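Here is how the chains run, residue by residue.
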Amino acid sequence: MRIGIMGAGNVGRTLGEAWANAGHEVRFGSREPSGEASGTHAQVAAWADVVVFAVPGTVTAEVAQALGTTLDGKTVIDPSNRVGAATLNSVAEISAAAPGARVHRAFSTVGWEVMADPVFGDQRADLFYCGPEDDRDTLGTLIADVGFRAVWLGGPEEVETVDGLARAWFALALRRRMGRHVALRLLSE
């Protein structure tokens, strides 16, 4: 797959490296391309099959608005958390800017350190996500390619469920001082 990552910070670089190692083509977009960026947000989004908003959560809506219908028909991932805002995700804003995009909430329930190393002993961490059912296999593949076990929680209506797990991660990792290399695992019989 051709994956365009908006932003080249810790999350973007970590996911990009994992996907490149799994054989995907990866490019980074930036407002002002330099260094790791392959082009502007618009250039990279137009090229990509999958677009990842690895920009600060506070600017995700602005970037999505600028890209608009360039995102239509594409798989779009919102991993960013708007810490301190009433809503952690930007799914509604991305969907409004690009009504023809398949928007998923994923990679928001762990820190980038876990994305870089999702294995704890002999156990893989779970990555909980939601998004359109007809595109869930695409996300499941991308999640597995990073090294997680993918757990689909349902369609876009489950975005607050995913965000609840993100809040649990923040509570454990930061407020309970377990450290940023902590993840969740679903057990069932």
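Everything below is about the structure shown above.
Now for a look at the structure at hand.

Thresholds, definitions, all that
- Residues numbered from 1 in each chain as written.
- Predicted model: local features only at pLDDT ≥ 70, side-chain atom pairs only at ≥ 80, totals over all residues.
- Heavy atoms only, no water.
- Pairing = 2+ DSSP bridges.
- Helix = DSSP H or I, 4+ residues; strand = E, 2+ residues; numbered from the N terminus.
- Right-handed = clockwise from strand over helix to strand, strands pointing away.
- Contact = heavy atoms within 4.5 Å.
- Buried < 20%, exposed > 50% of the residue type's maximum accessible area, 1.4 Å probe, protein only.

## Considering the sheet that holds strand 1 (residues 2-6)
Piece 1. Read from one edge of the open sheet, six strands run 3-2-1-4-5-6, paired in parallel fashion. Sheet topology places strand 3 (39-40) and strand 6 (102-105) at the edges, where each strand pairs with a single neighbour.
Piece 2. Here strand 2 (residues 25-30) runs beside strand 3; their pairing, made up of two bridges, is parallel. Bridge pairing in strand 3 places Ser-30 opposite Thr-40.

## What about the pairing of strand 2?
Piece 1. Relative to strand 2, strand 1 runs parallel, the two being bridged by five bridges. Note that in strand 2 the partner of Arg-2 across the bridge is Glu-25.
Piece 2. Crossover strand 1 to strand 2 through helix 1 (residues 10-21) is right-handed.

## Overview of the side chain of Asp-135
Piece 1. Examined against the element boundaries, Asp-135 turns out to sit in the loop between strand 9 (126-129) and helix 6 (136-146).
Piece 2. Excluding its chain neighbours within four sequence positions, the residues that come into contact with Asp-135 are Thr-75, Arg-102 and His-104.

## Notes on unusual backbone geometry
Piece 1. Not every positive phi belongs to a glycine, and Phe-107 is a case in point at roughly 65 degrees.
Piece 2. Mapped onto the secondary structure, Phe-107 falls in the loop between strand 6 and helix 5 (112-116).
Piece 3. Residue Phe-107 is classed as buried on the basis of its relative accessible area, which comes to 1%.
Piece 4. For Arg-177, which is not glycine, the phi torsion reads 55 degrees and is therefore positive.
Piece 5. For Arg-177, the position within the fold is in the segment after helix 7 (159-175).

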